[in-house]
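The primary structure of each chain is shown beneath.
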Amino acid sequence: MSELDGQDDSKAEIIDSLEVVTLSRDTPVRKYAEQNRLPLHQWPDVDFSAQFDVGVVVSFGCLIKENVINKMPHGILNVHPSLLPRWRGPAPVFHTILHGDTVTGVTIMQIRPKRFDVGPILQQELYEIPKNCTADELGATLAVVGSRMLMDTLKHLPERIANRKEQPKEGASFAPKISSRMAWIIWEEHSCDYIDRLFRAIGYRIPLKTMWMGNPIKLLDFVGKCNVLFTASPCLSAVPGSVHYQKESNILLVRCKDGWVGFKAVKFKKRLSASDFFNGYLHQSVLRKSPSSNTCLFQSYKDIRLPGGQDNNMLLQNNTSL
């Protein structure tokens, strides 16, 4: 959480003084504050005896008590990267991409003490999402938009508070934390478009995964939907999870619900290019020695338990309110 003390209507100075509050000792905002010699506090050990005009939280992740909010005449503002009430919660940008939204934006709102992202809206700005945009790219863009909007809101704060609007009850949705379980592909159910959105939403942080011969395998360097221009056996083209190596493009093609998607590499014990994986495990000379009929088939995780009861329900704390 950041607190802002004072404001000025002139262009030159909006903020008279600034103090920074962080949850962790290893965050970019803390390092920035240290480099610029800004007063620092570690939550919840914050001295509110000084007079602050307004507070600002971004990706804070903690509910703030009403008595703390009320210590600031203008309350506490939140910069949230979605068009509230859509995608309340800790991971709005991830869910924006995952669900194929074409428009998003940034909301400046006042926080409330008992629930996240439900307070009145002071300012909102729409942003059209570029085609093939990733969550990381969108998050970086919305961070710039949000910082500009925040400064504009602070400059006109009394007016914005006077004209604030409560969030509509319709259209609310929740954006929970991203779990590594989301990375498992279910070939029978997931479409090419869904796998593409999943990769753009979480693939740069959590590799997409599947099962192969009873072992987990990570799918790397996703290339998207592929048009398969070869004559294959009916079982290969019809069975979800079927794997084919396309030599011309050095891509592993995998059959999903409604087509084929491609990957240039996998991680099985170590990183392997598509050609290395093919030569080591899928080449005819290898298949003749394999007793299993599933060698050329990736299995969906829902049908198989990981060996050793491995727990794959790791939750990621989103430090940038994506």
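Residues numbered from 1 in each chain as written. Predicted model: local features only at pLDDT ≥ 70, side-chain atom pairs only at ≥ 80, totals over all residues. Heavy atoms only, no water.

Asker: What is the right way to read the confidence of the model for the protein chain from this model?
Answerer: Segments scoring low in pLDDT should not have their predicted coordinates read at a detailed level. Predicted confidence across the protein chain gives a mean pLDDT of 86, with 83% of residues reaching 70 or more. Scored below 50 in pLDDT, residues 1-12 makes 54 contacts in the model with residues more than four places away or belonging to other chains. Low pLDDT (under 50) marks residues 303-322, which in the prediction has 49 contacts with non-local residues, meaning those over four places away or in another chain. (pLDDT = per-residue confidence, 0-100. Contact = heavy atoms within 4.5 Å.)

Asker: Even after reading the chapter, I still don't get the pairing of strand β9 (residues 215-226), so can you show me in this structure?
Answerer: Looking along a regular strand, one sees the side chains alternate between the two faces of the sheet. The pairing of strand β8 (residues 208-212) with β9 spans 5 bridges and is classified as antiparallel. Bridged to W212 within β9 is N215. Relative to strand β12 (residues 260-268), β9 runs antiparallel, the two being bridged by 7 bridges. Paired with G224 across the bridge in β12 is G262. (Pairing = 2+ DSSP bridges. Helix = DSSP H or I, 4+ residues; strand = E, 2+ residues; numbered from the N terminus.)

Asker: What am I meant to see in the state of the cysteines here?
Answerer: Here, disulfide denotes a covalent bond that connects the sulfur atoms of two cysteines. On inspection of all chains with the given rule, the structure shows 0 disulfides. C192 takes part in no disulfide bond, and the closest cysteine sulfur, belonging to C256, lies 3.4 Å away. C226 carries a free sulfur, and the closest cysteine sulfur to it, the one in C192, is 8.3 Å from it. You can call C226 buried: its relative accessible area is 13%. (Disulfide = S-S within 2.5 Å. Buried < 20%, exposed > 50% of the residue type's maximum accessible area, 1.4 Å probe, protein only.)

Asker: Even after reading the chapter, I still don't get the side chain of Q246, so can you show me in this structure?
Answerer: Relative to the helices and strands, Q246 is located in strand β10 (residues 243-246). In this structure Q246 comes out as buried when scored by relative accessible area, which is 17%. Of the polar contacts made by the side chain of Q246, one reaches the side chain of S249; its length is 2.6 Å. Beyond its immediate stretch of four places on either side in the chain, Q246 contacts N227, I251 and L253. (Polar contact = N/O pair within 3.5 Å; in protein donor to acceptor, adjacent residues only side chain to side chain.)

Asker: Sorry if this is basic, but what is going on with the packing of aromatic side chains here?
Answerer: The geometry of an aromatic ring pair comes down to the distance between the two centres and the angle between the two planes. Tallying each qualifying case throughout the model produces 13 aromatic pairs. Taking the centre distance of 5.2 Å and the plane angle of 45° together, the rings of F199 and Y204 count as tilted. On the accessibility criterion, F199 (13% relative accessible area) is buried. Pairing F277 with Y281 gives two aromatic rings, centres 5.3 Å apart and planes at 40°, and the pair type is tilted. Remark: Y281 and F277 occur in helix α8 (residues 274-282); sequence separation between them is 4 residues, near one turn of the helix. (Phe/Tyr/Trp six-rings, centres within 6.5 Å; stacked < 30°, edge-to-face > 60°.)

Asker: I keep staring at the environment of V118 and nothing clicks. Help me out?
Answerer: Mapped onto the fold, V118 is located in the loop between β6 (103-110) and β7 (121-128). Taking the C-alpha atoms as reference, V118 lies 9.8 Å from K169; in sequence the two are 51 residues apart. With sequence-adjacent residues up to four places away left out, V118 is seen in contact with R88, M109, R112 and Q167.

Asker: What am I meant to see in the pattern of salt bridges here?
Answerer: Close approach of charged atoms lets side chains of opposite charge pair. Under the defined criterion, the tally for this structure stands at 8 salt bridges. A salt bridge links E34 to R30, with the shortest nitrogen-to-oxygen separation between them at 3.5 Å. Taken together, the positions of E34 and R30, both in helix α1 (residues 28-35) and 4 residues apart, correspond to about one turn of that helix. Residue R30 is classed as buried on the basis of its relative accessible area, which comes to 9%. One salt bridge connects R160 with D152, and the closest N-O pair in it is separated by 3.0 Å. (Salt bridge = Lys/Arg side-chain N within 4 Å of Asp/Glu carboxyl O.)

Asker: Explain the nonpolar core to me, please; I cannot follow it from the model alone.
Answerer: Across soluble globular proteins, nonpolar side chains show a tendency to be buried alongside one another. Among the nonpolar cores identified, the biggest contains 54 residues, and W187, L208, V261, F263, F277 and F298 are the most heavily contacted of them. When neighbours within four sequence positions are excluded, F277 is seen to be in contact with W212, I217, L252, V266, L272, L282 and F298. Counting residues in hydrophobic clusters, the runner-up holds 13 residues, among them W43, F48, F60 and M72. (Core = buried A, V, L, I, M, F, W, Y, C linked by side-chain atoms within 4.5 Å.)

Asker: Got a minute to help me understand the environment of S24 in this structure?
Answerer: Mapped onto the elements, S24 comes out in the loop between β2 (17-22) and α1. A residue is classified by how much of its surface remains accessible, and S24, at 30% relative accessible area, is partly exposed. Sequence spacing of S24 and W43 is 19 residues, and the spatial spacing of their C-alpha atoms is 8.2 Å. With residues near it in sequence (within four places) discarded, S24 still touches R30 and Q42. Within polar-contact distance, the side chain of S24 engages the backbone nitrogen of D26 at 3.0 Å.

Asker: Even after reading the chapter, I still don't get helix α4 (residues 135-155), so can you show me in this structure?
Answerer: Each turn of an α-helix holds 3.6 residues, which means side chains three or four residues apart point in the same direction. Here α4 contains 21 residues, and its C-alpha end-to-end distance of 30 Å stays within 8% of the 30 Å for a straight helix at 1.5 Å per residue. Taken together, the buried positions of α4 are occupied by A135, L138, G139, L142, V145, G146, M149, L150, T153 and L154. On an axial view of α4, the arc spanned by its buried residues comes to 160°, and they lie on one face. (Expected span 1.5 Å × (residues − 1). Arc of directions from axis to C-beta.)

Asker: Even after reading the chapter, I still don't get the pairing of strand β5 (residues 76-80), so can you show me in this structure?
Answerer: Counting buried residues along β5, 5 of its 5 residues qualify, which places the element largely inside the surrounding structure. Neither face of β5 is left uncovered, since the one carrying I76, N78 and H80 and the one carrying L77 and V79 both have all their residues buried. By the bridge criterion, 3 bridges tie strand β4 (residues 54-57) to β5 in an arrangement that is parallel. Each bridged residue has a counterpart across the sheet, and for V57 the counterpart in β5 is N78. Here β5 runs beside β6; their pairing, made up of 4 bridges, is antiparallel. Residue pairing across strands places H80 opposite T107, the latter belonging to β6.

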